[in-house]
Each structure stands twice: as structure tokens, then as C-alpha cells.
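Chain by chain, the residues run as shown.
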Amino acid sequence: MRRLYSFLICLLAVVAMQAQIITTTPTFPTENDEVAIIFDATKGTAGLKGFTGDVYAHTGVITNQSTGSGDWKHAPTWGDNSAKYKLTSLGNDKWQLKITPNIREYYGVKDGETVEQLAFVFRSADKSKEGKDTGGKDIFVEVHTVGLTVRFDQPAEKENILIGTPLTIKASASTASALKLYVDAVEIATEANATTISKSHTFSTAGSYTLKVEATANGKTVSVTQEVTVLNGTSTSETMPKGVRPGIN
């Protein structure tokens, strides 16, 4: 008998969440805000971890006129080392980029365009090193509308976990609200007059689940959803095919 372990499943499953690769001030930026972007070079691909040279942002925006996440608008040519794209070292692998005086003016967004996301790849001045999101993906930051907004802080979008692994679900709102967390329409947590809500939840059955966070303030209710996939991490045994020899085949 040959034991086949679910290596791929285990690799996909996230046992513990890491801190975000980017944080912002303000926490819920709008297109009319000045925004401070803090990049943690130890996260994601960590291609700039320990780097001490000059770091620049290749950055653009996803707008209502973008055709998808790859259709950046108002981005410079790759390798543009203009001062506006240069980050300031904060020490300990943290770097800051100031988007000033506001998002629209910094990127030169045209009238009639609405900014939905900021898009980033961080790089060394000579383009030999890059800092990207896990899996070599571009980094995106949500741009919010003015008023009540809610979002998930944890887990990541389309997270994969193993059955029996506790999952911490965290969400936040732009203003103090009545907050509720749901898993497949079943309420699992509630907070009154709060800006954050958190709950640990353990799934006992494999499958896809919908997480939802709902915020209510001043008579207005907003919500967002995202998916999480629970994987069966048990191993299975199967008969070894004929002709297979010990060692690499």
C-alpha cells in the first residue's frame, strides 16, 4: 500500500494569519484624502527584506474605467525614479510613501473617474529587487467612499484553511456602529457602538462558506461578504499502480 498525503492542501492552508503587507493612514482612505502608505518589506514575497538602498513605488489606480485588476490607470513607466515615487525608510524593514495632497491629484485622476483601489509594486532603484504580495501578486489598497464603510481585516479574501483549524475573523467600520458577523447567514458575533469586531470560528465540515460583516449607524446599514474554503486535510491510502518501483518514478 502507498500512502498519499495531501501536500498541496497543506501548502494552501493558512494556519496563522500574518500582518498586512500595507497599512494606511487614514485607515479608510477616500480619493480626496492625503494618505500615508506603510510598506512592510518582510511580508508578501519579501523581495526587499533587509534592503537598505533606495526604494520606489510603481503605482497606479484601479478606477471605474478599468477593465480589471491588471488595468492600472495613471501609472508611470516602469523604472520611473521620480521623487514622488520614492519611499522613506522608517527602519525595521518599514517604508513610507506619502500620497499628497490627495489621491486624485497625486495620480492625476480625470473628472468622471472614480478611484476604487490603489495598486503597487515596490522595487529597488535599479529594478533588480521587488516587493510584491504573496504569490508574486500586485498589491492593492481599497479606496472607500465617504460615509459609513465596513471591511474585513482578517482572513484574506478567498482564504483556505483545514477542518478543525480555528479561524480568527476580524472586521472594522469607519465609524462607531452596531456590528455583526455572520457565517453562511448564521450570526456568530455582535458588538454595539464599536469600530471593530472579532471572533474565532472553527469549521467542522469541508466546503465553501460565505463570511459577512454588517454595520449599522445613524439609520444606515452597509455590509460586505467574502468567501473562505475549508479543506479536508486527512490522508488517503491507495493501491500502488503496477510497474511502480521504489524511488523516483
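Just above sits the structure.
Computed from a prediction, not measured in an experiment: that's the story for all the values here.

Colleague: In this structure, what is going on with the pairing of strand β5 (residues 88-91)? I would like to understand it.
Modeller: One face of the sheet, then the other: side chains in a regular strand alternate in exactly this way. Where β5 and strand β6 (residues 94-99) come together, three bridges link them in antiparallel fashion. From the neighbouring strand, S89 faces β6, where its bridge partner is W95. If you look at the hairpin formed by β5 and β6, you'll find two residues sitting between the two strands, and N92 has a positive phi there, around 55°.

Colleague: Where do I start with the pairing of strand β7 (residues 115-124) in this structure?
Modeller: With respect to burial, β7 is a largely interior element, nine of its 10 residues being buried. Across four bridges, the pairing between β7 and strand β9 (residues 139-142) is antiparallel. Across the sheet, the residue bridging to F120 is I139, located in β9. Inspection of the sheet shows β7 paired to strand β8 (residues 130-131) by two bridges, in the antiparallel sense. Pairing of F122 across the sheet is with G131, part of β8. Turn length for the β7-β8 hairpin, with the two strands adjacent in sequence and antiparallel, is five residues, and the turn residue K127 shows positive phi of about 70°.

Colleague: Just checking my understanding: could you explain the packing of aromatic side chains for this structure?
Modeller: What describes a pair of aromatic rings is the distance from one ring centre to the other and the angle between the planes of the rings. Going through the model one piece at a time under the given rule, you end up with five aromatic pairs. Relative to F122, the ring of F39 has its centre 4.2 Å away and its plane inclined at 20°; by these criteria the two rings are stacked. In this pair, F39 is assigned in strand β3 (residues 35-40) and F122 in strand β7, connecting sequence segments 83 residues apart. Both residues of the pair, F39 and F122, belong to the buried class. Between Y85 and Y106, the aromatic rings sit 6.2 Å apart at their centres with planes inclined by 90°, giving edge-to-face as the arrangement. A residue pair is termed long-range when its members are at least 10 positions apart, and Y85 in the loop between β4 (55-63) and β5 and Y106 in helix α2 (residues 103-107) qualify at 21 residues. Classification of Y106 as buried rests on a relative accessible area of 6%.

Colleague: Is there a simple way to think about the nonpolar core in this case?
Modeller: Across soluble globular proteins, nonpolar side chains have a tendency to be buried as a group. Ranked by internal contacts, the top residues of the largest apolar core, which has 27 residues, are I37, I99, Y107, L118, F120 and F122. Of all the elements in the fold, those that place two or more residues in this core are β3, β4, β6, α2, β7 and β9. Not counting residues up to four positions away in its chain, the partners in contact with F120 are I22, I37, A57, H58, T59, W72, L97, I99, Y107, D138, I139 and V141. In terms of nonpolar packing, the next biggest core, distinct from the first, is built from 24 residues, V150, I188, Y209 and V222 among them.

Colleague: Got a minute to help me understand the environment of I139 in this structure?
Modeller: Residue position: I139 is located in strand β9. Along the backbone, I139 and F120 are 19 residues apart, and their C-alpha atoms lie at a distance of 5.0 Å. Setting aside its immediate chain neighbours within four residues, I139 contacts I21, I22, L118, A119, F120, F122, G131, K132 and D133.

Colleague: So what exactly am I meant to see when it comes to unusual backbone geometry here?
Modeller: For residues other than glycine, phi is negative in most cases, and the peptide bonds are mostly trans. Following T100, the chain continues to P101 via a peptide bond in cis, the omega torsion being 0°. Topologically, P101 is positioned in the loop between β6 and α2. In this model, Q154 is joined to P155 through a cis peptide bond whose omega is 5°. Assignment of secondary structure puts P155 in the loop between β10 (150-154) and β11 (159-162). Even without a glycine there, the phi angle at K127 is positive, about 70°. By secondary structure assignment, the location of K127 is in the loop between β7 and β8. Given a relative accessible area of 40%, K127 falls into the partly exposed group. Phi at N193 is positive, roughly 50°, even though this residue is not glycine. Of note, N193 is situated in strand β13 (residues 186-201).

Colleague: Would you mind going over the pattern of salt bridges with me for this structure?
Modeller: Pairs may arise between side chains of opposite charge once their charged atoms sit close together. Applying the stated rule across the entire model yields seven salt bridges. Of the charged contacts in the structure, one is a salt bridge between E31 and R104, with a shortest N-O distance of 3.1 Å. Taken together, the positions of E31 in the loop between β2 (22-25) and β3 and R104 in helix α2 put the pair 73 residues apart, joining distant regions of the chain. Note that D71 and K73 form a salt bridge whose closest N and O atoms lie 3.3 Å from each other.

Colleague: Sorry if this is basic, but what is going on with the sheet that holds β2 here?
Modeller: Through backbone hydrogen bonds, the strands of a sheet pair up, either in parallel or in antiparallel fashion. Taken in spatial order, the four strands make up an open sheet running β2-β3-β6-β5, and their pairing is antiparallel. Pairing within the sheet leaves two strands with one partner each, and these edge strands are β2 and β5. The average undirected angle you get between the axes of adjacent strands in this sheet is 25°. Bridge analysis of β3 against β6 gives six bridges, and the strand direction is antiparallel. Bridging from a neighbouring strand, F39 pairs with W95 of β6.

Cut-offs and rules
Residues numbered from 1 in each chain as written. Predicted model: local features only at pLDDT ≥ 70, side-chain atom pairs only at ≥ 80, totals over all residues. Heavy atoms only, no water. Pairing = 2+ DSSP bridges. Helix = DSSP H or I, 4+ residues; strand = E, 2+ residues; numbered from the N terminus. Buried < 20%, exposed > 50% of the residue type's maximum accessible area, 1.4 Å probe, protein only. Phe/Tyr/Trp six-rings, centres within 6.5 Å; stacked < 30°, edge-to-face > 60°. Core = buried A, V, L, I, M, F, W, Y, C linked by side-chain atoms within 4.5 Å. Contact = heavy atoms within 4.5 Å. Salt bridge = Lys/Arg side-chain N within 4 Å of Asp/Glu carboxyl O. Axes fitted to C-alpha atoms, helices over the stretch in contact; angles between N-to-C directions.

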